[in-house]
Amino acid sequence: MADKPKAIPFMINQVEALYPRIDKPYRFDNKENRSVPCDVDDDGAKYEINFNMTSDQAKKLFSQMKAAYLERAGSNWPEKFDNPFKKKEDGLYEHKSILKAAYNGQPTRKPVQYDASNNKLPDDFLLTTGSTVNIAGVFVPYNTKGIGTGVSLRLNAVQVTNYVPYLASSPFESTDGFEVGEANPFQSEETEVSREEVIEEIVEPKKVAKKSASVKAKDPEIDAIVDDWDD
């Protein structure tokens, strides 16, 4: 019995994460036309991360993929395979790393996520597009009828070196009105008066007025407070 081929590891450093879906299994839903969370044994369930890389990074990765392919290729395999990277208008190249959620009915280990200091991130950590990451896994050369030839990048782990905080998208359009950070019209920058002090200023003159009914002149400080409330 032939020995099982040794896995060929890869490491891609300092690339931009795109559409990471590695906190749980996902599958593509044709009705919704998007990837949705699912169970590990659902058809098409997988963990996946796309990434942007520079031209130099792409050349290095493709060279490693070709070497892995030639090392694993059988006698009936084609000598080469097409470059699978997608070149973008900004000059960057996009590719992806995938791990099926299960093989032959057996769940796989979910990709582990680490921070820059190699601390393991929470199991439900939600990586975001735009974050900078290192990606580790193994090359899987293939020559499959109906699919073709190539080398897939089986995902094992992701290290987050620069995290872009998650921002939930709003269903609304921008409009005129209240904005976070507007000045508080009820607080003066020069004097901050507590609620108790305001009550004391209002109540104390009334006590004086009861003692002397002949005092009818208005207190300018009370007028100023009342005017502020009206504003």
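As for the pairing of strand E5 (residues 93–100)
Move 1: As judged from the 8 bridges shared by strand E3 (residues 46–53) and E5, these two strands associate in the antiparallel manner. Note on E5: the bridge partner recorded for Asn50 is Lys96.
Move 2: Where strand E4 (residues 86–87) meets E5, 2 bridges bridge the pair, whose relative direction is antiparallel. By the bridge assignment for E5, Lys86 is matched with Glu94.
Move 3: Taking the residues that link successive antiparallel strands as the turn, the E4-E5 hairpin has 5 residues, and the phi of Gly91 there is positive, at about 90°.

Here's the deal with the side chain of Ser97
Move 1: Among the secondary structure elements, Ser97 is positioned in strand E5.
Move 2: Given the relative accessible area of 0%, Ser97 is considered buried.
Move 3: Here Leu155 takes part through its backbone nitrogen, which lies 3.5 Å from a polar atom of the side chain of Ser97.
Move 4: Apart from residues no more than four positions distant in its own chain, Ser97 is found in contact with Phe10, Tyr47, Glu48, Ile49, Phe51, Ile135, Leu153, Arg154 and Leu155.

Quick word on the nonpolar core
Move 1: In terms of nonpolar packing, the biggest core is built from 34 residues, with Leu61, Leu127, Val133, Ile135 and Phe139 touching the most fellow members.
Move 2: Those elements that provide at least two residues to this core are strand E1 (8–29), E3, helix H1 (55–72), E5, strand E9 (132–144) and strand E10 (148–162).
Move 3: Other than its neighbours up to four places away in sequence, Leu127 contacts Ala17, Pro20, Ile22, Ile49, Gln113, Val133, Val158, Val160 and Tyr163.

Some thoughts on the packing of aromatic side chains
Move 1: Within this structure, the stated rule accounts for 6 aromatic pairs.
Move 2: Seen from their ring centres, Phe125 and Tyr163 are 5.2 Å apart, and the 50° between their planes marks the pair as tilted. Of the two residues, Phe125 sits in the loop between strand E8 (112–114) and E9 while Tyr163 sits in the loop between E10 and helix H2 (195–211), which places them 38 residues apart along the sequence.
Move 3: Using a relative accessible area of 16% as the deciding quantity, one classes Phe125 as buried.
Move 4: Feature note: the residues Phe62, Tyr69, Trp77, Phe81 and Phe85 constitute an aromatic cluster, connected by ring pairs.

Remarks on H1
Move 1: Here H1 spans 26 Å end to end across 18 residues, near enough to the 26 Å set by a 1.5 Å rise per residue.
Move 2: Taken together, the buried positions of H1 are Ala58, Leu61, Phe62, Met65, Ala68 and Tyr69. Take H1 and look down its axis: the buried residues cluster within an arc of 120°, on one side only. Residues of H1 that are exposed and point over 90 degrees away from its buried face: Asp56, Lys59, Lys60, Leu70 and Glu71.
Move 3: In this structure, the buried residues of H1 make contact with E1, E3, E5, E9 and E10.

Examining the pairing of E3
Move 1: For E3, a buried count of 7 out of 8 residues is recorded, marking the element as mostly surrounded by other parts of the structure.
Move 2: Examined bridge by bridge, E1 and E3 share 5 bridges and lie antiparallel to one another. Along E3, the bridge assignment pairs Arg21 with Glu48.

Examining the confidence of the model for the protein
Move 1: Across the protein, pLDDT averages 84, with 76% of residues at or above 70.
Move 2: Every residue in residues 206–216 scores below 50 in pLDDT, and together they form 0 contacts with partners more than four places removed in sequence or on other chains.

Comments concerning the pattern of salt bridges
Where charged atoms of side chains with opposite charge meet at close range, the side chains can pair.
Move 1: Within this structure, the stated rule accounts for 7 salt bridges.
Move 2: The residue Lys88 makes a salt bridge to Glu94 at a minimum N-O spacing of 3.4 Å.
Move 3: Linking Asp123 and Lys110 is a salt bridge whose minimum nitrogen-to-oxygen distance equals 3.0 Å. Highlighted residues: Asp123 in the loop between E8 and E9 and Lys110 in the loop between strand E7 (106–107) and E8, separated in sequence by 13 residues.
Move 4: Lys110 sits in the buried class, given a relative accessible area of 18%.
Move 5: Where salt bridges share partners, they join Arg21, Lys46, Glu48 and Lys96 into one cluster.

Things to note about a nonpolar patch on the surface
Move 1: A surface patch of nonpolar side chains, amounting to about 300 Å² of accessible area, comprises Leu126, Tyr163 and Tyr166.
Move 2: Judged by relative accessible area, which is 53%, Tyr166 ranks as exposed.

Scoring rules and cut-offs
Residues numbered from 1 in each chain as written. Predicted model: local features only at pLDDT ≥ 70, side-chain atom pairs only at ≥ 80, totals over all residues. Heavy atoms only, no water. Pairing = 2+ DSSP bridges. Helix = DSSP H or I, 4+ residues; strand = E, 2+ residues; numbered from the N terminus. Buried < 20%, exposed > 50% of the residue type's maximum accessible area, 1.4 Å probe, protein only. Polar contact = N/O pair within 3.5 Å; in protein donor to acceptor, adjacent residues only side chain to side chain. Contact = heavy atoms within 4.5 Å. Core = buried A, V, L, I, M, F, W, Y, C linked by side-chain atoms within 4.5 Å. Phe/Tyr/Trp six-rings, centres within 6.5 Å; stacked < 30°, edge-to-face > 60°. Expected span 1.5 Å × (residues − 1). Arc of directions from axis to C-beta. pLDDT = per-residue confidence, 0-100. Salt bridge = Lys/Arg side-chain N within 4 Å of Asp/Glu carboxyl O. Patch = residues over 30% accessible without salt bridge, like charges linked within 9 Å, V, L, I, M, F, W, Y side chains within 5 Å. Areas by Shrake-Rupley, 256 points an atom, 1.4 Å probe, with all protein chains shown as cover.

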